[in-house]
Amino acid sequence: MAASWNAGVYKAFPADGARTLYFVANFATGGKDDDHDDDDEHAGGHQGDHGQDSYLALETEPDNWAFKAVLERENGVPVMTLVDNPASAIVAPSRKFEVALVMGGQGTTQRFLTRVAAPGNPDVTAHFALPFKVQFEGSDAAAALDATRGYFRGDHASRWIEVNDDGDVTAFKPPGAKSAFEASCAACHVLDYRLGRDEPTGFFTAQAFPASDGIPYGAHGDRHELNVGCEACHGPGNRHRRASSGSGTRPGAFIVNPRLLSAEREVQLCTQCHSRIRSNDTFELATRQPIGQEPGRENQLMRPGTRRADWFRYYVTQRDAEPSLIWEDDLHSDHPHQQATDHVKSVHYRNRSEFVSCTDCHGSHARGPVGWARGTQPGEVAAPSTVCVDCHEPSNLGSVAGHARHRSFASNCTTCHMPRTARDGAGRPGLAGSLGGVLGQFWQGDLSSHVMDVPSRENPGVIAAGKTPETAMPIPYTNACGGCHKTDLRGS
């Protein structure tokens, strides 16, 4: 379930006492990050985590922990202290990092950022995500089945340590400059983003416009930091404000109204941050930020209303997610920030009658849980099925329940047509069942597919060679539908 922006920071960093996370090398990834994807701070999913789970974060002390993070508050400030295992051959000095910003919290995960000064120049700083995150759907019971599904999860922890050939931690350190929030994340979390670099130190910096509300939030609870705002979708507002006041008022001038754009250009507003591209920035970082080299907008996001073809030309070097971030059916995403990756493959986007844009279903101005479905009034949040029947009229379906042939089941369109195939957080347990004769626990992700189909029991993401219930793609039959329909799936 969705939490609030302050839920994670208050729980992770207790006012009294401390919480301790023990980090254990995850031999499935060798305990090392994949350098090619070292900027991919949100990697999740099932087919290689690009270092996110290089170290597991456990609250119960295991025998073989490499180092630990002690979480507490000092004078009200959340603080993380990294401590080496005293039994190590080389004991690294402990290091303390204060939490400066909190990112997320209204969805299923939350991360904490610390501010670090550049070597040799304390006036140049950047923010880095701590080596763990909070997963609001995580639990001890889920972690007992899969250590990555607890309330805490390691998050590229190998970036924070130096390790010798024997695997001993020899030092704690902030991650490299390319992994900074400013260099790899901020473009999609702030307004009027512009990437720069301090050449003497090599630290990346970001210029942005301060907003009064949003994420990331200050660690003390005051909402005074940076946020995506109106101009991200409507474009610069100075000329519009001048034209809308005084004599000769021209309401609506010099501003972008997304609803007046073609569906292709409106969808592109969301696509830039909700697809997994590689940037075309002048520093050749090739991060997941959609910043490019359009003349006059170097190292910035595109201007609202930009054609998709121009976005491909100027802003990205990789157009979308690589195959390892898609399930084996080459259709459904299993990683976060790929809603548009799914949508442009769907019949909603590709058909002969009407292209469906993001705001046909989502209310960008609504206030509510993540996944807002637009209502009939500004700011109203509606049940997903209410939005669906605006186009898929009940007269054509008989009724939602009748369409699904479930007379006694409270059907929701998204249960079957938008299964939670992608994962950023812990996800939820699905049903227990068997796959290819192997008994186990099926799982859901925490992010819904936007392909808008109903994946079958024969989907390659489910039955590909080597699949088990734990690694199978979430489909309706492994979750709600499987309560009545069989979950004994055949495997390759």
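Note that this is a predicted model, so its numbers are computed, not measured. Positions within a chain are numbered from 1, following the residues in the order the chain's sequence is written. Totals for whole chains, interfaces and linings use every residue, but because this is a predicted model, local features are given only for residues with pLDDT of at least 70 and side-chain atom pairs only at 80 or more, for both listing and counting. Working from all heavy atoms in the structure, the side-chain values ignore hydrogens and water.

## Structural notes on the overall build of the chain
For the record, the criterion: Secondary structure follows DSSP: runs of H or I at least 4 residues long count as helices, runs of E at least 2 residues long count as strands, and numbering of each begins at the N terminus. The accessible surface values rely on the Shrake-Rupley method and a 1.4 Å probe; as for residues, cover is taken only from the protein chains in view.
Of the regular secondary structure elements, the chain holds 13 helices and 19 strands. Carbon and sulfur atoms make up 51% of the accessible area of the chain, which amounts to about 22,700 Å² in all.

## Observations regarding unusual backbone geometry
Backbone geometry places Glu284, a non-glycine residue, at a positive phi of 55 degrees. Among the secondary structure elements, Glu284 is positioned in the loop between strand E15 (278–279) and helix H7 (308–314). Even without being a glycine, Asn299 presents a positive backbone phi close to 60 degrees. Along the polypeptide, Asn299 turns up in the loop between E15 and H7.

## Focus on the pattern of salt bridges
Stated precisely, the cut-off is as follows: Throughout this description, the term salt bridge denotes a Lys or Arg side-chain nitrogen within 4 Å of a carboxyl oxygen of Asp or Glu. Per-residue accessibility, obtained with a 1.4 Å probe over protein chains only, is compared with the maximum for each type, and a residue is labelled buried under 20%, exposed over 50%, and partly exposed between these values.
Taken as a whole, this structure holds 16 salt bridges when the rule is applied. Here Arg111 ties to Asp155 by a salt bridge, and the two come within 3.0 Å at their closest N and O atoms. Placement of Arg111 in strand E6 (residues 109–118) and of Asp155 in the loop between strand E9 (152–154) and strand E10 (161–163) is noted, with a sequence separation of 44 residues between them. Of the residues examined, Asp155 reaches a relative accessible area of 4% and is grouped as buried. As a salt-bridge pair, Glu328 and Lys467 come within 3.1 Å of each other at their nearest N and O atoms. In this pair, Glu328 sits in the loop between strand E16 (316–318) and helix H8 (339–343) while Lys467 sits in the loop between helix H13 (460–463) and strand E19 (488–489), placing the two residues 139 residues apart along the sequence. For Glu328, a relative accessible area of 32% gives the class partly exposed. Residue Lys467 is classed as buried on the basis of its relative accessible area of 12%. The network of salt bridges with shared partners includes Arg111, Lys133, Asp155 and Asp424.

## Remarks on the environment of Ala465
Turning to its location among the elements, Ala465 is positioned in the loop between H13 and E19. Along the sequence, Ala465 and Gly436 sit 29 residues apart, while their C-alpha atoms lie 9.4 Å from each other.

## Concerning the packing of aromatic side chains
What counts, and what does not: Pairing of aromatic rings covers Phe, Tyr and Trp, the last counted by its six-membered ring, and requires centre-to-centre distances within 6.5 Å; plane angles under 30 degrees mean stacked, over 60 mean edge-to-face, and any other angle means tilted. Two conditions define a charge sitting above a ring: the NZ of Lys or the CZ of Arg must be within 6 Å of the ring centre, and it must be within 35 degrees of the ring normal.
For the structure on display, the rule yields 15 aromatic pairs. Measuring from ring centre to ring centre gives 5.5 Å for Phe204 and Phe283, while their planes differ by 75 degrees; the resulting arrangement is edge-to-face. Here Phe283 lies in the loop between E15 and H7 and Phe204 lies in strand E13 (residues 203–209), a separation of 79 residues in the sequence. Joined through ring pairs, the aromatic side chains of Phe13, Phe112, Phe132, Phe136, Tyr151 and Phe152 make up one cluster. Directly above the ring of Phe312 sits Arg319, whose terminal nitrogen or CZ lies 4.1 Å from the centroid.

## Examining the state of the cysteines
The condition is simple: Note that a disulfide, as used here, is simply two cysteine sulfur atoms within 2.5 Å.
Tallied over the entire structure, the rule returns 1 disulfide. Shown here is the disulfide that connects Cys188 with Cys273, its sulfur atoms set 1.9 Å apart. Taking the torsion about the sulfur-sulfur bond, which here is approximately -90 degrees, the covalent link between Cys188 and Cys273 counts as left-handed. Here Cys188, found in the loop between helix H3 (181–184) and strand E12 (191–198), pairs with Cys273, found in the loop between helix H6 (263–271) and E15; they are 85 residues apart in sequence, far enough to count as distant. When its relative accessible area of 22% is taken as the criterion, Cys273 is described as partly exposed.

## Details of empty space enclosed by the protein
What counts, and what does not: The rule is simple: put a 1 Å grid over the protein atoms alone, call a set of points where a 1.4 Å probe fits but cannot get out a cavity, call an open set with protein on both sides within 12 Å along at least five of seven lines a pocket, and count a residue as lining if it has an atom within 4 Å of a point. Grid points are joined across faces, edges and corners, and a volume is the space filled by probe spheres set on the points. The residue classification treats Ala, Val, Leu, Ile, Met, Phe, Trp, Tyr, Cys and Pro as nonpolar and Asp, Glu, Lys and Arg as charged. All others, Gly included, are polar.
Evaluation of the coordinates by the stated rule reveals 2 cavities of 30 Å³ or more. Considering only enclosed or pocket space, the second largest cavity measures out at about 60 Å³ in volume. Residue lining of the second largest cavity: Ser333, His335, Pro336, His337, Gln338, Gln339, Asp342, Thr421, Ala422, Leu447, Ser448 and Ser449, and that is the complete set. Here the residues of the lining of the second largest cavity sort into 3 nonpolar, 8 polar and 1 charged.

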